[in-house]
Amino acid sequence: MTAQTGAADIAVRATAIVDANAALEGPLLPILHDLQEEFGCVPEEAVPVIANRLNLSRAEVHGVVSFYPDFHHTPSGRHVLKVCRAEACQSMGGEKIADRVRLALGIDWHETTPDGAVTLEPVYCLGLCSCAPAAMLDGEVTGRLDETRLAPLLDEARR
């Protein structure tokens, strides 16, 4: 989504996406996925369009968007770095890794670097408990993170 994308343009494009999916059984999630694909997020301006077209309340739509951690109201950076915050990773030094990542990027959870390169997200299990601590960059999982393995991961994220 660019700075030039206006509310009217979002509403028109959101209406087309809703209409293309409205006949599906349980259309809300496919609509949200398509909006996320189109705009890089689920724009706030699309929520009333969805609610109106699907005969839902805005609160119902917002509840679904806020429940699923992969839906966002603002676009993510070019890269998304997810750091595992689950117990297994924390017990293996994940907190130190998380602190190092936040310090190196100069951002906190759910933030994007000023240059738009990296969005940092917490995740509560990547399924690599036996290889803890773990992180995922753009869908690629890395386990057994330490300072040595973290440096190239951060370099890649900054590109």
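Residues numbered from 1 in each chain as written. Predicted model: local features only at pLDDT ≥ 70, side-chain atom pairs only at ≥ 80, totals over all residues. Heavy atoms only, no water.

### Let's talk about the sheet that holds strand 1 (residues 79-84)
- Spatially, 2-3-1-4-5 is the arrangement adopted by the five strands of the open sheet, whose pairing is mixed. Taken across any chain shown, the strands that pair with only one partner, and hence form the sheet edges, are strand 2 (111-112) and strand 5 (140-142).
- Of the strand pairs in this sheet, strand 2 and strand 3 (residues 118-123) are connected by two bridges, and their pairing is antiparallel. For E111, the partnering residue across the bridge sits in strand 3 and is L120.
- The strands touched by helix 6 (residues 94-105) within the sheet are strand 1 and strand 3, with strand 1 carrying the most contacts at an inclination of about 155°. (Pairing = 2+ DSSP bridges. Helix = DSSP H or I, 4+ residues; strand = E, 2+ residues; numbered from the N terminus. Contact = heavy atoms within 4.5 Å. Axes fitted to C-alpha atoms, helices over the stretch in contact; angles between N-to-C directions.)

### Topic: the pattern of salt bridges
- Following the criterion strictly, the structure yields nine salt bridges and no others.
- As a salt-bridge pair, R102 and D99 come within 2.9 Å of each other at their nearest N and O atoms. Here the residue R102 and the residue D99 both occupy positions in helix 6, the gap between them amounting to three residues, near one helical turn.
- The exposure class of D99 is partly exposed, given its relative accessible area of 36%.
- With a closest N to O distance of 3.3 Å, E147 and R100 form a salt bridge. Placement of E147 in helix 7 (residues 147-158) and of R100 in helix 6 is noted, with a sequence separation of 47 residues between them.
- One salt-bridge network, in which partners are shared between bridges, spans D9, R13 and E38. (Salt bridge = Lys/Arg side-chain N within 4 Å of Asp/Glu carboxyl O. Buried < 20%, exposed > 50% of the residue type's maximum accessible area, 1.4 Å probe, protein only.)

### As for a nonpolar patch on the surface
- On the surface, a nonpolar cluster with roughly 300 Å² of combined accessible area is contributed by L29, F67 and Y68.
- The exposure class of L29 is partly exposed, given its relative accessible area of 33%. (Patch = residues over 30% accessible without salt bridge, like charges linked within 9 Å, V, L, I, M, F, W, Y side chains within 5 Å. Areas by Shrake-Rupley, 256 points an atom, 1.4 Å probe, with all protein chains shown as cover.)

### Focus on the pairing of strand 3
- Strand 3 sits mainly inside the fold: six of its six residues count as buried.
- Of the pairings in the sheet, the one linking strand 1 to strand 3 comprises six bridges and is parallel in character. When the sheet's bridge partners are listed, V83 is paired in strand 3 with P122.
- Hairpin geometry of strand 2 and strand 3 is characterised by an intervening segment of five residues between the two adjacent antiparallel strands and by a positive phi of about 75° at G116.

### A few points about helix 2 (residues 28-39)
- Compared with the 16 Å implied by 1.5 Å per residue over 12 residues, the 16 Å span of helix 2 between its first and last C-alpha is a close match.
- Listing the buried residues of helix 2 in full gives L28, I31, L32, L35, Q36 and F39. Each buried residue of helix 2 lies within a common arc of 135° when the element is viewed along its axis, so the set occupies one face.
- Check the buried side of helix 2 and you find it contacts helix 1 (7-21), helix 3 (46-54) and helix 4 (58-67).
- Just past helix 2, the residue G40 takes up positive phi, approximately 80°. (Expected span 1.5 Å × (residues − 1). Arc of directions from axis to C-beta.)

### Some thoughts on the packing of helix 6 against helix 7
- Running from amino to carboxyl end, helix 6 crosses helix 7 at an angle of 35°, the nearest separation of the two axes being 11 Å. For the crossing formed where helix 6 meets helix 7, the hand is right-handed. On helix 7, the residues touching K96, I97, R100, V101, A104 and L105 of helix 6 are E147, L150, L154 and R158. (Left-handed = near helix turned anticlockwise from the far one by under 90°.)

### Focus on the pairing of strand 1
- When you tally the buried positions in strand 1, you get five out of six residues, the bulk of the element.
- Across three bridges, the pairing between strand 1 and strand 4 (residues 135-137) is antiparallel. By the bridge assignment, K82 is partnered in strand 4 with M136.

### Comments concerning the side chain of Q36
- By the element assignment, Q36 lies in helix 2.
- For Q36, the side chain forms a polar contact with the main-chain nitrogen of H72, separated by 3.4 Å.
- With residues near it in sequence (within four places) discarded, Q36 still touches C41, V42, D70, F71 and H72. (Polar contact = N/O pair within 3.5 Å; in protein donor to acceptor, adjacent residues only side chain to side chain.)

On their own, these measurements won't tell you what the molecule is for.
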